[in-house]
Amino acid sequence: MPADRVLITSEQIQTRIREMAEEIERDYAPGPIYLVSVLKGSFIFVADLARALRRPNIRIEFMAISSYGNAKTSSGQVRLTRDLDVNIEGHQVLIVEDIIDSGLTLTYLKRLLEQRRPKSLEIATLLDKPERRVAPVAVKYVGFQIPDEFVVGYGLDYAEDYRNLNDIRILQQ
Ligand code: PRP
Ligand code: 7HP
C-alpha cells in the first residue's frame, strides 16, 4: 500500500514540538516530570519532545498498549503488554501518545494510572483525530488535529511498517 501523500512535514512536526515544549515548561512547577511514553507509536515523539524540554529532571518511562493489531480500526480490546517499572505516586505525570483516535487507549490508560495517585496526570498527543472519537477523553496538549484518514510515519505504523518515515503521510487505500 503506498504512503506518498505527505500530511505533515518533518519541519512542521519539529516546529510544533518546540511550541508544545514551551507550553509544558510554562505549565509545570519546577521538579521532575514523568513522561510516560505509550509504545510503540510514541517512541519518536517522546524522544523529540524530551529533548525540546529544558529542565534536567525529565524522567522517561515506558508502557506498551496495543489494540489495532494489523488493522486500521481499533479492535476495541485494549491490552496492556508492558507496565511501568516505577512508582508514580505523588509525581507530575504526562502521558505521551502519538495519536488519539477512538480514545479507547487513553481512557483505559488514564483510569489505570489515576489509581496510582500521581500528583497530576495530563496527556500530550502529537495527533488528534476528533471525528473518530468513541470515548471522550480530556487531552491537554495536542500537536495537530487531523482529518479522518489513516496516517503513518514518525512512529505510526500500518501492520508494523512505515514507523521510520520522518514525516506523517496518508496511507492510500
Ligand atoms: C495506536 C496508537 C495509540 C492508539 C490510538 O496504538 O499508538 O496508542 O492506537 O488509538 P485509539 O484512540 O483508537 O485507542 P496501536 O494499538 O496501533 O499500537 P502501537 O502503538 O504499538 O502501534
Ligand atoms: C491508530 C493509528 N495508527 C496509525 N495510524 C492511524 O491513523 C491510527 N489511528 N489509530
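In short, a report on the structure.

Rules used in this analysis
- Think of each chain on its own: its residues are numbered from 1, step by step along the sequence as written.
- Numbering of ligands from 1 and lettering of chains from A proceed in the order in which they are written.
- Where local features are concerned, this predicted model is filtered to residues with pLDDT of at least 70; where side-chain atom pairs are given and counted, the filter is 80 or more; whole-chain, interface and lining totals use all residues.
- With hydrogens and water set aside, each side-chain value is computed from the structure's full complement of heavy atoms.
- Each residue is assigned to one of three classes by its accessible area relative to the maximum for its type, calculated with a 1.4 Å probe on protein chains only: buried under 20%, partly exposed between the two thresholds, exposed over 50%.
- The helix count covers DSSP runs of H or I at least four residues long, the strand count covers runs of E at least two residues long, and both are numbered beginning at the N terminus.
- Note on contacts: a residue pair qualifies if any of its non-hydrogen atoms lie within 4.5 Å across the two residues.
- Any two strands with at least two DSSP-identified bridges between them are counted as paired.
- Handedness of a crossover is defined as follows: with both strands directed away from the viewer, a clockwise route from the first strand across the helix to the second makes it right-handed.
- We count a salt bridge whenever a side-chain nitrogen from Lys or Arg sits within 4 Å of a carboxyl oxygen from Asp or Glu.

### Considerations on helix H2 (residues 43-52)
Alright, step 1. Listing the buried residues of H2 in full gives Phe45, Val46, Asp48, Leu49, Ala50 and Ala52.
Alright, step 2. On its buried side, H2 packs onto helix H1 (10-27), strand S2 (33-39), strand S3 (58-66), strand S5 (92-100) and strand S6 (120-128).

### Quick notes on the sheet that holds strand S8 (residues 151-152)
Strands in a sheet are paired, the pairing made by backbone hydrogen bonds, and the direction either parallel or antiparallel.
Alright, step 1. Here 3 strands make up an open sheet; going across it, the order is S1-S9-S8 and the pairing antiparallel. The sheet is open, and its two borders are formed by strand S1 (5-8) and S8, each paired with just one other strand.
Alright, step 2. Alignment of S8 against strand S9 (residues 168-170), held across 2 bridges, turns out to be antiparallel. Bridge assignment links Val152 to a residue of S9, and that residue is Arg169.

### Considerations on the pairing of S5
Alright, step 1. For S5, a buried count of 9 out of 9 residues is recorded, marking the element as mostly surrounded by other parts of the structure.
Alright, step 2. Relative to S5, S2 is paired through 5 bridges, and the arrangement is parallel. Pairing of Ser37 across the sheet is with Val96, part of S5.
Alright, step 3. Here 8 bridges tie S5 to S6, and the two strands are oriented parallel to one another. Within S6, the residue paired with Ile99 across the bridge is Leu127.
Alright, step 4. After leaving S5, the chain enters helix H3 (residues 104-114) and then returns to the sheet as S6, a path that is right-handed.

### A word on the pattern of salt bridges
Alright, step 1. Summed over all chains, the structure comprises 15 salt bridges.
Alright, step 2. Here Lys140 makes a salt bridge to Asp27, at a shortest N to O gap of 4.0 Å. Taken together, the residues Lys140 in the loop between S6 and strand S7 (141-145) and Asp27 in helix H1 connect sequence positions 113 residues apart.
Alright, step 3. Given a relative accessible area of 42%, Lys140 falls into the partly exposed group.
Alright, step 4. Ionic pairing is found between Glu89 and Arg117, a salt bridge with its closest N-O pair at 3.2 Å.

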